[in-house]
Amino acid sequence: MPPYTEILAAGAILVIQLAGAASVIHTRLNEHSRASGSARKWFFILLFAVGLATMIGIHTGHSTWLPGAATLGLMAIGATVDLRTERRGPAF
């Protein structure tokens, strides 16, 4: 691949990863607003995009897969962590 194409590909992967990390924060901040449905939709679109970019990085053998895998982990934790302050009783 020519050098400028590699730079563009690495830049696109970086932008996708930063957008994915930002979508976690945006989704959490808009959790109880009217925009929560749209934020969740964009989160899942970007989760798919980060996963796809990571798989492409693994397939091509470039070192871009490691930051993608870290972003996927961050997005998974961000989607499942419960940040509410009220205490709930046990489920059983």
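Check the entry above for the structure.
Residues numbered from 1 in each chain as written. Predicted model: local features only at pLDDT ≥ 70, side-chain atom pairs only at ≥ 80, totals over all residues. Heavy atoms only, no water.

**Q** Would you mind going over the packing of helix α2 (residues 36-60) against helix α3 (residues 65-80) in detail, with residue names and values included?
**A** Two elements in contact, α2 and α3, have axes whose closest approach is 8 Å; the angle formed by their N-to-C orientations is 155°. In terms of orientation, α2 and α3 fall into the roughly antiparallel class. Relative to α3, α2 is oriented so that their crossing is left-handed. Every residue of α3 that contacts α2 at Phe43, Leu46, Leu47, Val50, Gly51, Thr54, Gly57 and Ile58 is listed here: Trp65, Gly68, Ala69, Thr71, Leu72, Met75 and Ala79. Class assignment of the residues belonging to the contact of α2 with α3 gives a composition of ten nonpolar, five polar and no charged. (Axes fitted to C-alpha atoms, helices over the stretch in contact; angles between N-to-C directions. Helix = DSSP H or I, 4+ residues; strand = E, 2+ residues; numbered from the N terminus. Parallel < 35°, antiparallel > 145°, perpendicular 65-115°, else oblique. Left-handed = near helix turned anticlockwise from the far one by under 90°. Contact = heavy atoms within 4.5 Å. Nonpolar A, V, L, I, M, F, W, Y, C, P; charged D, E, K, R; others polar.)

**Q** Which residues make up the side chain of Thr71, and what are the values?
**A** Note on placement: Thr71 falls in helix α3. Take Thr71: its relative accessible area is 11%, and that puts it in the buried class. With residues up to four places along the chain from it excluded, the contact list for Thr71 reads Gln17, Ala21 and Val50. (Buried < 20%, exposed > 50% of the residue type's maximum accessible area, 1.4 Å probe, protein only.)

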